[in-house]
Amino acid sequence: NLDISLGAGGNDVKVRSTQTGTATTIHLGAGSDTLYAGSTDSDATSTVNALAGPLTIDGQGGTDAATVNDRGDAADNTGTLTATTLSGLGTAGITYGALESLSVRLGSGSDAFLIQSTNLGTIAYLDADAGDDLVVIGDATHTLTEMHGQIEIEPGDGSDTICIDNSAATANQSGILTSQDLTGF
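None of these values were measured; they are calculated from a predicted model.

J.: So what exactly am I meant to see when it comes to the overall build of the protein chain here?
T.: The number of helices and strands found in the protein chain is zero helices and 17 strands. Rg of the C-alpha trace for the protein chain: 17 Å, near the compact-globule value of 16 Å for 185 residues, within the 12% margin. Principal-axis analysis of the C-alpha atoms places the extent of the protein chain at approximately 45 × 35 × 30 Å. Within the protein chain, contacts between residues at least 6 apart in sequence are counted, and of these 58% link residues at least 24 apart. Once the 4 positive and 24 negative side-chain charges of the protein chain are each reduced to a mean point, those two points are 12 Å apart.

J.: How should I be thinking about the sheet that holds strand β12 (residues 123–127) in this particular structure?
T.: Adjacent strands of a sheet form backbone hydrogen bonds with each other and so pair up, either parallel or antiparallel. Reading across the sheet, the six strands line up as β2-β4-β6-β10-β12-β14 and stay open at both edges, with parallel pairing between neighbours. Strand pairing shows two members of the sheet lacking a second neighbour, β2 (12–15) and β14 (151–154), which therefore form its edges. Between one strand axis and the next, the sheet turns through 10° on average, direction left out of account. Pairing analysis gives five bridges linking strand β10 (residues 101–105) to β12, with the strands arranged parallel. Within β12, the position partnered with S101 by the bridge is I123.

J.: Help me understand the sheet that holds strand β9 (residues 94–97) in this model?
T.: The nine strands lie next to each other as β1-β3-β5-β9-β8-β7-β11-β13-β15, forming an open sheet whose pairing is mixed. Either end of the sheet is taken by a strand with one partner, and the two such strands are β1 (2–5) and β15 (161–164). Recorded for the sheet is a direction-independent mean angle of 10° between the axes of neighbouring strands. Bridging between strand β8 (residues 85–88) and β9 involves two bridges; their strand directions are antiparallel.

J.: Is there a simple way to explain the environment of E152 in this structure?
T.: In this structure, E152 sits in strand β14. Through-space distance from the C-alpha of E152 to that of D111 is 17 Å; in sequence the pair is 41 residues apart. The contacts of E152, once residues within four sequence positions are left out, are I123, A124, Y125 and L126.

J.: Explain unusual backbone geometry to me, please; I cannot follow it from the model alone.
T.: Phi angles above zero are rare outside glycine, and D129 is one such case at about 55°. Position of D129 relative to the elements: it lies in the loop between β12 and β13 (134–137). Relative accessible area serves as the criterion here: at 13%, D129 is assigned to the buried category. Backbone geometry places H142, a non-glycine residue, at a positive phi of 65°. The exposure class of H142 is partly exposed, given its relative accessible area of 38%.

J.: When you look at the side chain of N11 in this model, what are you seeing that I'm missing?
T.: Examined against the element boundaries, N11 turns out to sit in the loop between β1 and β2. N11 has contacts with L6, L28, S32, D33 and T34, leaving out every residue within four places of it along the chain.

J.: What is the right way to read a nonpolar patch on the surface from this model?
T.: Nonpolar side chains collect at one region of the surface, where I162, I164, L177, L182 and F185 lie side by side and expose about 480 Å² of accessible area between them. Within the element layout of this structure, I162 appears in strand β15.

J.: Got a minute to help me understand the pattern of salt bridges in this structure?
T.: Any two side chains of opposite charge can pair, given that their charged atoms come close. Taken as a whole, this structure holds six salt bridges when the rule is applied. Between K14 and D41 there is a salt bridge; the shortest N-O distance is 2.9 Å. Here K14 is found in strand β2, whereas its partner D41 is found in the loop between β4 (34–37) and β5 (55–58), with 27 residues between them in sequence. For K14, a relative accessible area of 43% translates into the label partly exposed. Its salt-bridge partner being R71, residue D129 comes within 2.5 Å of it at the nearest N-O pair. A residue pair is termed long-range when its members are at least 10 positions apart, and D129 in the loop between β12 and β13 and R71 in the loop between β6 (65–69) and β7 (78–81) qualify at 58 residues. Since its relative accessible area comes to 23%, R71 is described here as partly exposed. One network of salt bridges, in which partners are shared, links D43, R71, R105, D127 and D129.

About the cut-offs
Residues numbered from 1 in each chain as written. Predicted model: local features only at pLDDT ≥ 70, side-chain atom pairs only at ≥ 80, totals over all residues. Heavy atoms only, no water. Helix = DSSP H or I, 4+ residues; strand = E, 2+ residues; numbered from the N terminus. Rg over C-alpha atoms; globule rule 2.2 N^0.38 Å. Contact = heavy atoms within 4.5 Å. Lys, Arg positive; Asp, Glu negative; His and termini not counted. Charge placed at Lys NZ, Arg CZ, Asp CG, Glu CD. Pairing = 2+ DSSP bridges. Axes fitted to C-alpha atoms, helices over the stretch in contact; angles between N-to-C directions. Buried < 20%, exposed > 50% of the residue type's maximum accessible area, 1.4 Å probe, protein only. Patch = residues over 30% accessible without salt bridge, like charges linked within 9 Å, V, L, I, M, F, W, Y side chains within 5 Å. Areas by Shrake-Rupley, 256 points an atom, 1.4 Å probe, with all protein chains shown as cover. Salt bridge = Lys/Arg side-chain N within 4 Å of Asp/Glu carboxyl O.

And the structure:
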C-alpha cells in the first residue's frame, strides 16, 4: 500500500497513474486542496485508464475539490458514482470522502453513467462530453432516497439521455422542473 499525507497548506496533487495491486491513499490535509486524476493536463488526451490500482482520496479539512478527467478516452465506458465511490471508466476504483466537489469528465465515446447516491457535503459535477451518453440517476431500488447532495450535469455534444428513476417511490412527492433545474422528489 502507498499512503500519502499532506500538510495544512493549499495542496495541488496530480495523479497520473496508480500501480496494479497497490492501494493508494492520499490524505489532502487541512488546507483548501485540489486533486486532479488524469493521464495528462489536456482534455484532448487525458484518460484514467492508468489508475490500475485502487485510489482513495481523503479531503480532510478545508475546501477540497477533485477532478477525474477521462475526456481523451474515445472508448464506450461505463461508470458508477455513489456517495463514497467512483467505479468503472477503466479504473480500479476510486473511494472518496470529505470533498466539497467531485467533477467527473467523460470521454467522447457513448458512455453509460449511473449515479446511485450522493452525500450532502459534496457537489457532484458530471461533464458528459461528446458521444451519445446515458446518465441514470437513481438507486438500485428505483428511488431517489439516497440522493443527498447536489448533482450538476453538463450534457455534451451528441444525443445524451438523462433518466431520473424514482419509479418505486411510494410516498406523495413534489418537485419543480425548470429549463435548468429539477428540485424536490
